[in-house]
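Inside the fold
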Amino acid sequence: MRFIFFFLICVAAIAAKASHIDSIPNQIHPLRPKTGSGGRHLAQINCLSWRLAVETNNFHDWKLVPLQCEGYVGHYMLGKQYRDDCYNVVAAAIQYAKTLKIAKDGKDVWVFDIDETTLSNLPYYARSDVAFGAIKFNGTKFDEWTREGKAPAVPGAIFLYRTLLAMGIKPVFITGTKEEFRKIRIANLKKVGYHSWIKLILKGANDTGSSVTYKSGKRADLVKAGYRIVGNIGDQWSDLLGDFVGLRTFKLPDPMYYIS
Ligand SMILES: *[C@@H]1O[C@H](CO)[C@@H](O)[C@H](O)[C@H]1NC(C)=O
Ligand SMILES: *[C@@H]1O[C@H](CO)[C@@H](O)[C@H](O)[C@H]1NC(C)=O
Ligand SMILES: [Mg+2]
């Protein structure tokens with residue numbers, strides 16, 4: 001029995017070495033030790049496969065980044081790949097926008113989500129007690145971060161915003177951020193270079209239910225008011241599914257959290 005146990009540990013150690021899970025270069029911050037009853041017995045996860053499933057919306061309602069993928073997601077988010085992926089989405093959106101015939105009545109609008117689409121919370125998610133979404137979300141702490149009003153722009157987002165404005169497409173922001181943060185969000189948006197929009201829609205006290213329901217309702221109001229949603233960009237599938245999603249939708253990467 002003892003021998004079998006020892007043998008299994010050796011196999012686990014060799015497997016770990018072969019897949020380099022303990023030798024990731026350029027660590028953002030030290031991975032939490034994998035000791036204790038949990039670590040060694042966790043199933044191996046291919047973090048790239050996990051991220052692909054997340055981005056394609058094959059995985060629904062996941063709560064946390066798998067602990068083993070904290071380092072992977074951290075390197076992805078802080079490295080070149082995330083930036084390249086964002087710019088690639090922006091390039092596709094601009095290429096599409098150029099094919100549109102924009103009316104002169106100012107009713108052609110583009111819906112922008114805010115968090116991880118317009119403003120980035122990456123400085124918050126990179127904190128060691130958040131660990132890129134691998135540790136339980138704390139709404140109080142997140143609200144404190146939002147109140148700081150220091151979120152930078154998402155890579156490429158200002159470029160998309162300015163390009164669309166220059167084409168005569170009007171921006172509309174629809175965010176899950178609560179109405180009480182309106183002033184701080186406006187200040188944050190202006191600070192990083194978003195200066196004009198026709199609507200900034202935040203979540204009011206009566207906006208209950210899922211994000212899909214909330215955002216669909218707000219888009220329905222836009223359409224009722226005579227606006228034409230020619231494009232829609234977000235980091236969550238719940239920004240892009242539901243009713244009146246727009247003529248085309250664009251999905252930015254976000255392997256840090258899931259909002260339904
Ligand atoms: C969330 O963060 C706040 C503020 O730092 C802290 O007081 C609270 O205990 C945390 N809640 C949980 C469940 O960890
Ligand atoms: C929310 O709904 C209640 C009841 O219908 C209403 O009295 C209140 O004005 C609404 N609040 C907002 C912010 O729309
Ligand atoms: Mg978002």
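First, a word on what this report is: a plain description of the structure on this page. (Residues numbered from 1 in each chain as written. Chains lettered and ligands numbered in written order. Predicted model: local features only at pLDDT ≥ 70, side-chain atom pairs only at ≥ 80, totals over all residues. Heavy atoms only, no water.)

Thoughts on the environment of Trp-145
Definition in use: Strands here mean DSSP runs of E at least two residues long; helices mean DSSP runs of H or I at least four residues long; both are numbered from the N terminus. Partly exposed residues are those whose accessible area sits between 20% and 50% of the maximum for their type, while under 20% is buried and over 50% is exposed, using a 1.4 Å probe and protein chains only. Any pair of residues with heavy atoms lying within 4.5 Å of one another is described as a contacting pair. As used in this structure description, the phrase polar contact means that two N or O atoms lie within 3.5 Å; if the pair is within protein, one of them must be able to donate a hydrogen and the other to accept it, and residues adjacent in sequence are counted only when both atoms belong to side chains.
Along the chain, Trp-145 turns up in helix α7 (residues 139–148). What makes Trp-145 buried here is its relative accessible area of 4%. Here the alpha-carbon distance between Trp-145 and Pro-123, two residues 22 residues apart in the chain, equals 9.2 Å. Not counting residues within four places of it along the chain, the set of residues in contact with Trp-145 comprises Ser-120, Asn-121, Pro-123, Tyr-124, Arg-127, Lys-150 and Ala-151. A distance of 2.7 Å separates the side chain of Trp-145 from the side chain of Asn-121, its partner in a polar contact.

Thoughts on the site of ligand 1
Rule in force here: One heavy atom within 4 Å of a molecule or strand is enough for the residue carrying it to be called near that molecule or strand. Calculation of accessible area relied on Shrake-Rupley with a 1.4 Å probe; when residues are assessed, cover is drawn exclusively from the protein chains displayed.
Taken together, Asn-138, Lys-141 and Glu-144 make up all the residues around ligand 1. Contact between ligand 1 and Asn-138: an oxygen atom at 2.4 Å from a side-chain N or O atom of the residue. Protein contacts shield 33% of the accessible area of ligand 1, which totals 360 Å² for the unbound molecule.

Points about the side chain of Asn-232
Among the structural elements, Asn-232 can be located in strand β4 (residues 228–234). On the basis of relative accessibility, which here comes to 1%, the residue Asn-232 falls in the buried class. Sequence-distant contacts of Asn-232, defined by excluding residues within four places in its chain, comprise Trp-110, Val-111, Arg-219, Asp-239, Leu-240, Val-245, Arg-248, Thr-249 and Phe-250.

Quick look at the sheet that holds strand β5 (residues 249–251)
One key point about sheets: their strands pair by backbone hydrogen bonds, in either a parallel or an antiparallel sense. What counts here: Two strands qualify as a pair provided DSSP detects at least 2 bridges between them. Inter-axis angles, ranging from 0 to 180 degrees, are taken between N-to-C directions of lines fitted to C-alpha atoms, where helices are fitted over the stretch in contact.
With respect to topology, five strands assemble into an open sheet ordered β3-β2-β1-β4-β5, the strand pairing being parallel. In the strand order of this sheet, the two ends are held by β3 (199–203) and β5, each with one partner. Recorded for the sheet is a direction-independent mean angle of 20° between the axes of neighbouring strands. Bridging between β4 and β5 involves three bridges; their strand directions are parallel. Opposite Asn-232, over in β5, you have Thr-249 as the bridge partner. Sheet contacts for helix α8 (residues 157–167): β1 (108–112), β2 (170–178) and β4; angle to β1, the most-contacted strand, approximately 170°. Contacting β1, β2, β3 and β4, helix α10 (residues 211–224) crosses the sheet at an angle of about 150° to β2.

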